[in-house]
Amino acid sequence: LILNGVYQIHIKKIQKKNTSIISEKLVGIEFNLNSTDKDIATINSLLELPHLSDEQNVILYNLLTNIYYINADLENYLSAFGTTLYYLKATNNTDGIVNMYSNFAKYLLQNNAYENACQIISKAEEIIPIEAIQDKATRSIAYEMLMEKSLYENNTDKAFEYINKSLEDIDLFADDD
């Protein structure tokens, strides 16, 4: 029991050190088409750090998701998306889960996969009521996706309601600055 406690303290120290290393290395991430290979290599090297916490994995895999999205690399995007979602669920980060679903729905909408996007939006709604999302930017994006779903379903009144809620959150988000 005592050894387990000492080991857990040791792991926490490593994870704290990992946070510093991750923060230092991520400064060099450029997020553009010319830096893709370098950015992916940097993140993959960070994923090899020992004893990464679930939260650290969320950050790194989410960055990979964004890089693959920018590069229209669907296969790797979906892989990184699934892994990010796994770690978000492990941390019970409902705002993050809804954000991932909203971004995926946005991707599907951009690729004219409306029915699939509506399914993903409905799945996001099952996670947490949109109005209960704490992060204003995430809530705004979720309302935009609900607006898109309502438009697809020819429910313009609901779409108008959702876009107004999204705009309210954008205004609230701007007030935080």
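Here, every reference points to the structure presented above.
Calculation criteria
Residues numbered from 1 in each chain as written. Predicted model: local features only at pLDDT ≥ 70, side-chain atom pairs only at ≥ 80, totals over all residues. Heavy atoms only, no water. Helix = DSSP H or I, 4+ residues; strand = E, 2+ residues; numbered from the N terminus. Buried < 20%, exposed > 50% of the residue type's maximum accessible area, 1.4 Å probe, protein only. Lys, Arg positive; Asp, Glu negative; His and termini not counted. Charge placed at Lys NZ, Arg CZ, Asp CG, Glu CD. Patch = residues over 30% accessible without salt bridge, like charges linked within 9 Å, V, L, I, M, F, W, Y side chains within 5 Å. Areas by Shrake-Rupley, 256 points an atom, 1.4 Å probe, with all protein chains shown as cover. Salt bridge = Lys/Arg side-chain N within 4 Å of Asp/Glu carboxyl O. Phe/Tyr/Trp six-rings, centres within 6.5 Å; stacked < 30°, edge-to-face > 60°. Polar contact = N/O pair within 3.5 Å; in protein donor to acceptor, adjacent residues only side chain to side chain. Contact = heavy atoms within 4.5 Å. 1 Å grid on protein atoms, 1.4 Å probe; cavity = no way out; pocket = protein on both sides within 12 Å on 5 of 7 lines; lining within 4 Å. Points joined across faces, edges and corners; volume = space filled by probe spheres on them.

Draft legend 1. A look at the overall build of the protein. When helices and strands are tallied, the protein shows eight helices and zero strands. When the elements of the protein are put in sequence order from the N terminus, they spell out α-α-α-α-α-α-α-α. The principal-axis extent of the C-alpha atoms belonging to the protein is close to 60 × 40 × 35 Å. Relative to its full complement of 177 residues, the protein shows a buried share of 38%. Put simply, the protein has 14 plus and 26 minus side-chain charges, and the middle of one group is 9 Å from the middle of the other.

Draft legend 2. Molecular detail of a nonpolar patch on the surface. Taken together, the side chains of Phe31, Leu33 and Ile70 make up a nonpolar region of the molecular surface, amounting to roughly 280 Å² of accessible area. Tracing the chain through its elements places Leu33 in the loop between helix H1 (2–26) and helix H2 (36–47). Accessibility expressed as a relative area gives 58% for Leu33, which makes it exposed.

Draft legend 3. Representation of the packing of aromatic side chains. Summed over the entire model, instances satisfying the criterion amount to twelve aromatic pairs. When the centroid spacing of 6.4 Å and the interplanar angle of 5 degrees are considered together, the rings of Phe104 and Tyr107 count as stacked. A residue pair is termed a helical-turn pair when its members lie 3 or 4 positions apart in one helix, as Phe104 and Tyr107 do in helix H5 (residues 94–110) at three residues. Pair check on accessibility: Phe104 and Tyr107 agree, each one buried. Site record: aromatic cluster; members linked through ring pairs are Tyr69, Tyr77, Phe81, Tyr101, Phe104 and Tyr107.

Draft legend 4. Local environment of the pattern of salt bridges. Counting across every chain of the model gives five salt bridges. Across the salt bridge formed by Lys149 and Glu125, the nearest N and O atoms sit 3.3 Å from each other. With a gap of 24 residues between them, Lys149 in helix H7 (residues 136–152) and Glu125 in helix H6 (residues 114–127) connect regions that are remote in the sequence. Exposure remark for Lys149: the relative accessible area of 13% places this residue in the buried category.

Draft legend 5. Layout of the side chain of Asn18. Inspection of the secondary structure puts Asn18 in helix H1. Side-chain polar atoms of Asn18 contact the backbone oxygen of Pro50, separated by 2.7 Å. Not counting residues within four places of it along the chain, the set of residues in contact with Asn18 comprises Leu49, Pro50, His51, Leu52 and Gln56.

Draft legend 6. Molecular detail of empty space enclosed by the protein. This model, assessed by the stated rule, comprises one cavity of 30 Å³ or more. Roughly 40 Å³ of volume is contained in the largest cavity. Along the walls of the largest cavity sit Ser102, Ile121, Ala124, Glu125, Ile130, Ala142, Met145 and Leu146, which together make up its complete lining. Within the residue set of the lining of the largest cavity, elements represented by two or more residues are H6 and H7.

Draft legend 7. The arrangement of unusual backbone geometry in detail. Phi is positive for His51, which is not a glycine, with a value near 55 degrees. Position of His51 relative to the elements: it lies in the loop between H2 and helix H3 (54–70). On the accessibility criterion, His51 (34% relative accessible area) is partly exposed. The phi angle at Ala72 is positive, at roughly 55 degrees, despite the residue not being glycine. Tracing the sequence through the fold places Ala72 in the loop between H3 and helix H4 (74–90).

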